[in-house]
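Okay, here's what each chain looks like letter by letter:
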Amino acid sequence: MAERRMWADKRYHSADWEMKHRFGGKVYRVALDGGFSCPNRDGTLGYGGCTFCSAGGSGDFAASRSLSIHDQIDQGFAFLSGKPHDNRCIAYFQAFTGTYGPAERLRSLYEEALSHPRVVALAIATRPDCLGEDVLDLLAELSERKPVWVELGLQTIHEKTAARIRRGYPLRVFEKAVTDLTDRHLETIVHMILGLPEESPADMLATAEYLAGQPVSGIKLQLLHILKGTDLYRDYLQGRCQAMTLEAYTDILIDCIMALPQEMVIHRITGDGPRDLLAAPLWSLDKKRVLNHLHHEMKLRDAWQGKTYKGET
Ligand code: SF4
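These numbers come from a predicted model, not from an experiment.

Concerning the packing of helix α3 (residues 103–115) against helix α4 (residues 133–142)
At step 1: In contact at an axis separation of 10 Å, α3 and α4 are set at 20° when each is read in the N-to-C sense. Considering their axes alone, α3 and α4 lie roughly parallel with respect to each other. Crossing of α3 against α4: the hand is right-handed. On α4, the residues that touch A103, L106, R107, Y110 and L114 of α3 are D134, V135, L138 and L142.
At step 2: Residues belonging to the contact of α3 with α4 are distributed by class as follows: 7 nonpolar, no polar and 2 charged.

Observations concerning the environment of R11
At step 1: Relative to the elements of secondary structure, R11 occurs in the loop between β1 (4–6) and α1 (15–23).
At step 2: Sequence separation between R11 and Y210 is 199 residues, and the spatial gap between their C-alpha atoms is 21 Å.
At step 3: Non-local contacts of R11, meaning those with residues more than four positions away in its chain, are made with R4, M6, M298 and Y309.

What about the environment of E198?
At step 1: On the secondary structure map, E198 appears in the loop between β6 (187–194) and α7 (201–212).
At step 2: On the neighbour-count criterion, E198 (11 C-beta atoms within 10 Å) is exposed.
At step 3: Counting along the chain gives 37 residues from E198 to T161, while the straight-line C-alpha distance between them is 7.5 Å.
At step 4: Apart from the residues within four sequence positions on either side, E198 is in contact with T161 and R164.

Description of the site of the ligand
At step 1: In the vicinity of the ligand, the contacting residues are C38, N40, R41, G49, C50, C53, G57, S58, F96, T97, R127 and G153.
At step 2: Here the residues of the shell around the ligand are counted per class, giving 4 nonpolar, 6 polar and 2 charged.

Quick look at the pairing of strand β4 (residues 119–126)
At step 1: Here β4 lies mainly inside the structure; 8 of its 8 residues are buried.
At step 2: A crossover connection joins strand β3 (residues 89–93) to the parallel β4 through α3; in handedness this β-α-β unit is right-handed.
At step 3: Where β4 meets strand β5 (residues 148–155), 5 bridges bridge the pair, whose relative direction is parallel. Each bridged residue has a counterpart across the sheet, and for A125 the counterpart in β5 is E151.
At step 4: In terms of handedness, the path from β4 via α4 over to β5 forms a crossover that is right-handed.

Brief notes about the packing of helix α9 (residues 246–259) against helix α10 (residues 287–305)
For any two helices packed against each other, the geometry comes down to the angle between their axes and how far apart the axes lie.
At step 1: Contact geometry of α9 with α10 gives a least axis separation of 10 Å together with a crossing angle of 55°. The angle between α9 and α10 places the two elements in the oblique class. The handedness of the crossing between α9 and α10 comes out as right-handed. Across the interface between the two elements, L246, T250, L253 and I254 of α9 pack against V290, H293, L294, E297, M298 and R301 of α10.
At step 2: When the residues that make up the contact of α9 with α10 are grouped by side-chain class, the tally is 6 nonpolar, 2 polar and 2 charged.

Comments concerning the environment of E209
At step 1: Structurally, the position occupied by E209 is in helix α7.
At step 2: Classification of E209 by C-beta neighbours within 10 Å gives partly exposed; the count is 14.

A look at α9
At step 1: Helix length check: α9, at 14 residues, gives a terminal C-alpha distance of 20 Å against a target of 20 Å (1.5 Å per residue), a fit within 8%.
At step 2: Buried-residue contacts for α9 involve β6, α7, β7 (218–223), β9 (265–268) and α10.

Brief notes about the sheet that holds β9
At step 1: The strand order across the open sheet formed by 7 strands is β2-β3-β4-β5-β6-β7-β9, and the pairing between neighbours is parallel. Here the strands that pair on one side only, and so sit at the sheet edges, are β2 (28–32) and β9. With strand direction ignored, the average angle separating the axes of adjacent strands in the sheet is 25°.
At step 2: Sheet topology places β7 next to β9; 3 bridges connect them, and they run parallel. Bridging across to β9, I219 finds its partner in I266.

The rules behind each value
- Residues numbered from 1 in each chain as written.
- Predicted model: local features only at pLDDT ≥ 70, side-chain atom pairs only at ≥ 80, totals over all residues.
- Axes fitted to C-alpha atoms, helices over the stretch in contact; angles between N-to-C directions.
- Helix = DSSP H or I, 4+ residues; strand = E, 2+ residues; numbered from the N terminus.
- Parallel < 35°, antiparallel > 145°, perpendicular 65-115°, else oblique.
- Left-handed = near helix turned anticlockwise from the far one by under 90°.
- Contact = placed C-beta atoms within 7 Å.
- Nonpolar A, V, L, I, M, F, W, Y, C, P; charged D, E, K, R; others polar.
- Buried ≥ 20, exposed ≤ 12 C-beta atoms within 10 Å, placed from the backbone.
- Near = placed C-beta within 6 Å.
- Right-handed = clockwise from strand over helix to strand, strands pointing away.
- Pairing = 2+ DSSP bridges.
- Expected span 1.5 Å × (residues − 1).

Laid out in structure tokens, this is it:
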């Protein structure tokens, strides 16, 4: 087995490590709402949206869409005050589908974000079926000024699960989007959810193994949050889906991390559920405990397997 490396004090290439080395210091994400909708909600593909998605379009930490992008960024910084940070951020279009609109409107939103003096990079969460040629060309053009990361909500490679969560596109659409982004030298980050209904640990691991072979630079490994008001919540109340335990989540999370290339940046390993909306699993609210447990379990597993690490400690 190849020796693995340490990334500062972590056994995986964390976003924190990446930001410090890329930008020379701590850089926070500021979640933005560009006023988008989503084809899965506006009737183009359907009205209900993905079954896990909140009314806020999975952008529950973004500022109000009634504010300008500059004001949203300033407000995001105001919320960070008190944390030890420098003055820079990644402008993250998180709510709904961040490329769903005419290219000229997108240009104006992205340009406004990039022109904010604190913004060092742009991250845009979107669907792979919302990346037309004009949008791709726009993103490629902007990436010549500052880094642009396109975040694709894949969640799973399994078509059966994709149908159950009403994702609304097949895997080949994701593959085409990754090819298009790679052709334009745009960095791709993929969102994957652990704990989707009826998925076994082997199913989840298969998604991670598949992504290990894709030209993507980063991944967000997200615990399935059951949020009040979603169709998933209704299923949960009816006993049609369960929340993961901390132990089960940690186990499969470590398997997935180990299946990924060491260089792939892991931008998220838990996920934030909005406290007022989260129905389950409530243990995920204690992020510190989750991370401590993960690091402890990784250490134990290494000891059992005789795995060694090199590099920073
Ligand atoms: S998760 Fe994304 S694609 Fe799915 S309904 Fe929400 S905004 Fe739309």
